[in-house]
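Structural description and commentary
Okay, here's what each chain looks like letter by letter:
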Amino acid sequence: MTEPGNPDMKEMMITNSHGSRVAPVIALLALVGCVALAVAGYYLSLLFVLLFTLLLVGVPIAISLAGSCLVYVTLTGRVPDVVVVHRMINGIDSFPLLAIPFFILAGNLMNNGGITTRIFDFAKALMGWMRGGLGHVNVGASIVFSGMSGAAVADAGGLGTIEIKAMRDAGYDQEFSVGITAASSTIGPIIPPSLPMVIYGVMASVSVGQLFVAGLVPGLLMGLTLMVMIFLLARRRGYQRDARFSIKAIGTTFSRAFLSLLTPVLIVGGIISGAFTPTEAAIAAVVYALVLGGLVYRTLTWRRLLKVSMETIETTAIILFIVAGASIFAWILTSNQVAQHVMALLGPFQDNPVAVLLIINLVLIIVGCFMETIAAITILVPVLLPVAVASGVDPVHFGVIMVLNLMIGLLTPPVGMVLYVLSRVSGISFEHCMRGTFPFLIPLLIALMLVTFVPAISMWLPTLIYR
């Protein structure tokens, strides 16, 4: 999305990378199954089987969603085919979605304007004196950058290049370097701003501002649990401190990064104070990044600006295409009362919110292993949100739970988009990236359980500010 020399990263957002490895016989069997379901009249089952068949053979997610829905509408004949187009247009006709291109553009401008380097240098001076210093620096820099971009891939592609090189040069194990970089990048969509939170807010009709505020403390909790794991692994592997504690170095790097560090203050502070809506905050971030990169640091040339703009247009188009395709899919699920059927299946657990949340977490983690985040949100919100609300879960709290689950999915095969990005950035195999990331799944899962079963972690700030 943001990293130079990686133009097909967008394609990874909508395509199952292992689709080409699926044996033709499996695709043929799935096709026969689709025909059998259509003949038997099980159209809703056909919808799901056809969707996952298309994904298995490598068809882009957006096209799989829209195509399977078109087949369903054509076979059932309940509504005209043109309804598919109307529903797709209505799915992206939403003002909060305007925040998406602006947050993407802001993240791209910061990655190409020298801002990430200044943030990393300040984080190193501030945290490099601890055991396993660059690991802590990695997390600290991701926390700061997460207040600017709102996308895990932007963090991995932008900061990841700097962080992995620095850790390699300092003698850290390659797998450890890639693992902590991958894990820390998942903080990006939790701490505001957050692209997945915007999508969830639109699908669930929930305040995006409240979602942003609700993600702040859980994001910091993720960083804290990762730093505990870094400390334990550093002691076990004998990693030392990477810098001496120096007030002078902190002051120098802080002064260089000061204007960059004001970006998350501008975005988060503006939203919390009510000065900006999330969409207006995204526009303000773009203007600020342009001023910093073009006028203050003078690192943003016209050629870079054109390149960044084209990347933003491509990425935005892909995301909105996914949202449009998923909106018609969600409409079909809603009109067939799929949520009510799921609630009926979970009927014995309705009086036990803990059991319901455990089941939902399990479903989300499994789905996150196989499906891109935005598509998963748009498909699952109409199904799972009513179940969660019926169990007494606040929709804002559930939004944080859903996004956190799907962020963990970015670190797991077979999709594991962040792992693919870092594999390309670091030059090591996907399998080694996965092995290095595995220890850091433990603190992330601990943070997930705490956020899930201690609602105050995500809800006390929204309650304090908005309610």
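Note that the structure is a prediction, hence the values are computed from the model and not measured. (Residues numbered from 1 in each chain as written. Predicted model: local features only at pLDDT ≥ 70, side-chain atom pairs only at ≥ 80, totals over all residues. Heavy atoms only, no water.)

1. Overview of a nonpolar patch on the surface
The cut-off we apply is this: Note that patches include only residues with greater than 30% relative accessible area and no salt bridge, and the join distances are 9 Å for like charges and 5 Å for nonpolar side chains (Val, Leu, Ile, Met, Phe, Trp, Tyr). All accessible areas in this document rest on Shrake-Rupley with a 1.4 Å probe, and a residue is counted as covered only by the protein chains that are shown. The term salt bridge refers to a pairing of a side-chain nitrogen on Lys or Arg with a carboxyl oxygen on Asp or Glu at a separation within 4 Å. Numbering goes from the N terminus for both helices and strands, where a helix is a DSSP run of H or I of at least four residues and a strand is a run of E of at least two.
Together, Phe254, Phe258, Leu259, Ile283, Val287, Val291, Leu295 and Val296 make up a nonpolar patch on the protein surface, roughly 650 Å² of accessible area in all. At the level of elements, α14 (247-273) and α15 (278-296) are the ones that each hand at least two residues to the nonpolar patch. When residues of the nonpolar patch are assigned to their parent elements, the largest contribution, five residues, is made by α15. Within the secondary structure layout, phenylalanine 254 lies in helix α14.

2. Focus: the packing of helix α6 (residues 99-112) against helix α11 (residues 195-204)
For the record, the criterion: Only the stretch in contact is used when fitting a helix axis, every axis being a line fitted to C-alpha atoms; angles between N-to-C directions are given from 0 to 180 degrees. For classification, angles of less than 35 degrees are called roughly parallel, those exceeding 145 degrees roughly antiparallel, those between 65 and 115 degrees roughly perpendicular, and all remaining angles oblique. Any pair of residues with heavy atoms lying within 4.5 Å of one another is described as a contacting pair. Residues are sorted three ways: Asp, Glu, Lys and Arg are charged, Ala, Val, Leu, Ile, Met, Phe, Trp, Tyr, Cys and Pro are nonpolar, and all the rest, Gly among them, are polar.
Viewed as axis vectors pointing N to C, α6 and α11 meet at an angle of 180 degrees, and their least axial separation amounts to 10 Å. Accordingly, the angle class assigned to the pair α6 and α11 is roughly antiparallel. Taken together, the residues of α11 that come into contact with α6 (itself represented by Ala99, Ile100, Phe103 and Ile104) are Leu195, Val198 and Ile199. Its residues assigned to classes, the contact of α6 with α11 comprises seven nonpolar, no polar and no charged.

3. As for the side chain of serine 142
Definition in use: Side-chain atoms alone can form a polar contact between residues adjacent in sequence; in general such a contact is a pair of N or O atoms within 3.5 Å, and within protein one must be able to donate a hydrogen while the other accepts it.
Along the chain, serine 142 falls in helix α8 (residues 133-146). Only 3.0 Å separates the side chain of serine 142 from the side chain of serine 184, close enough to count as a polar contact.

4. Side note on the packing of α11 against helix α20 (residues 395-409)
Let me state the cut-off plainly: Two helices that cross are described as forming a left-handed crossing if the nearer one is turned anticlockwise from the farther one by less than a right angle, and a right-handed crossing if clockwise.
One can describe the packing of α11 onto α20 by two numbers: an axis separation of 10 Å at closest approach and a directional angle of 135 degrees. Taken together, the axes of α11 and α20 are oblique relative to one another. The crossing of α11 and α20 is right-handed. Contacts between α11 and α20 involve Pro196, Met197 and Tyr200 from the former and Pro395, Phe398, Gly399, Val400, Met402, Val403 and Met407 from the latter. For the contact of α11 with α20, the per-class residue count stands at nine nonpolar, one polar and no charged.

5. Thoughts on the packing of aromatic side chains
When we look at a pair of aromatic rings, we describe it by the centre distance and by the angle of the planes. Which entries qualify depends on this criterion: Note on ring pairs: Phe, Tyr and Trp rings are taken, using the six-membered ring of Trp, and paired if centres are within 6.5 Å. Classes follow the plane angle, with under 30 degrees stacked, over 60 edge-to-face and the rest tilted. Exposure categories follow from relative accessible area, calculated using a 1.4 Å probe and restricted to protein chains: below 20% of the type maximum is buried, above 50% is exposed, and the middle band is partly exposed.
Within this structure, the stated rule accounts for six aromatic pairs. Taken together, a centroid distance of 5.5 Å and an interplanar angle of 55 degrees make the contact between phenylalanine 122 and phenylalanine 254 tilted. Here phenylalanine 122 is found in helix α7 (residues 115-127), whereas its partner phenylalanine 254 is found in helix α14, with 132 residues between them in sequence. In this structure phenylalanine 122 comes out as buried when scored by relative accessible area, which is 12%.

6. Let's talk about the nonpolar core
Side chains that are nonpolar tend, in soluble globular proteins, to be buried together. To keep it simple, the criterion reads: Only buried Ala, Val, Leu, Ile, Met, Phe, Trp, Tyr and Cys residues count toward a nonpolar core, and they belong to the same one when joined by side-chain atoms within 4.5 Å.
The biggest cluster of nonpolar side chains holds 136 residues, and the ones touching the most others in it are Tyr200, Ile379, Phe398, Met402 and Phe440. With twelve residues, helix α19 (residues 373-390) is the largest single contributor of residues to this core. Apart from residues lying up to four places away in sequence, isoleucine 379 is in contact with Leu51, Leu65, Ala326, Phe329, Leu333 and Met371. One finds Phe122, Ala125, Ile250 and Ala257 within the second-largest nonpolar core, a separate group that totals five residues.

7. With respect to α14
Filter applied, for reference: Here a helix's expected span is defined as the number of its residues, less one, multiplied by 1.5 Å. To get the bend at a given residue, fit one axis to the seven residues ending there, fit another to the seven starting there, and take the angle between those axes.
Relative to the 39 Å expected for 27 residues at 1.5 Å per residue, α14 spans just 32 Å between its end C-alpha atoms, considerably shorter than the ideal helical length. At phenylalanine 258, α14 shows its maximal kink, close to 60 degrees. Of all the positions in α14, only Ile250, Thr253, Ala257, Ser260, Leu261, Thr263, Pro264, Ile267, Val268, Gly270 and Ile271 are classed as buried. Among the structural elements, α6, α7, α8, α12 (208-214), α15 and α23 (456-466) are those in contact with the buried residues of α14.

8. Some words on helix α22 (residues 430-453)
Each full turn of the α-helix corresponds to 3.6 residues, which orients residues three or four apart in the same direction. With 24 residues, α22 should reach 34 Å at 1.5 Å per residue; the first-to-last C-alpha distance of 33 Å fits that figure. At proline 439, α22 shows its largest bend, some 40 degrees.

9. Topic: unusual backbone geometry
Cis geometry marks the peptide bond from proline 192 to proline 193; its omega dihedral reads 0 degrees. Even without a glycine there, the phi angle at serine 205 is positive, about 55 degrees. Within the secondary structure, serine 205 sits in the loop between α11 and α12.

10. Quick word on the confidence of the model for the protein chain
Close inspection of predicted coordinates is inappropriate for parts of the model with low pLDDT. Put simply, the rule is: Residue-level confidence of the predictor is what pLDDT reports, using numbers from 0 through 100.
On average, the protein chain scores 79 in pLDDT, and the residues at 70 or more come to 86%. Within the protein chain, the lowest mean pLDDT, 42, falls on helix α1 (residues 9-14), and the highest, 92, falls on α20. Segment residues 1-20 is flagged for pLDDT under 50; beyond a separation of four residues in sequence, or across chains, it makes 59 contacts in the model.

11. Some details on the pattern of salt bridges
When their charged atoms lie close together, side chains carrying opposite charge are able to pair. Going through the model one piece at a time under the given rule, you end up with three salt bridges. In this structure, the salt-bridge partner of glutamate 175 is arginine 435, at a minimum N-O distance of 3.3 Å. Linking glutamate 175 in helix α10 (residues 174-185) with arginine 435 in helix α22, this pair joins segments that are 260 residues apart in sequence. We classify glutamate 175 as buried; its relative accessible area is 18%. Across the pair glutamate 311 and lysine 307 runs a salt bridge, and its minimum N-O distance is 2.7 Å.

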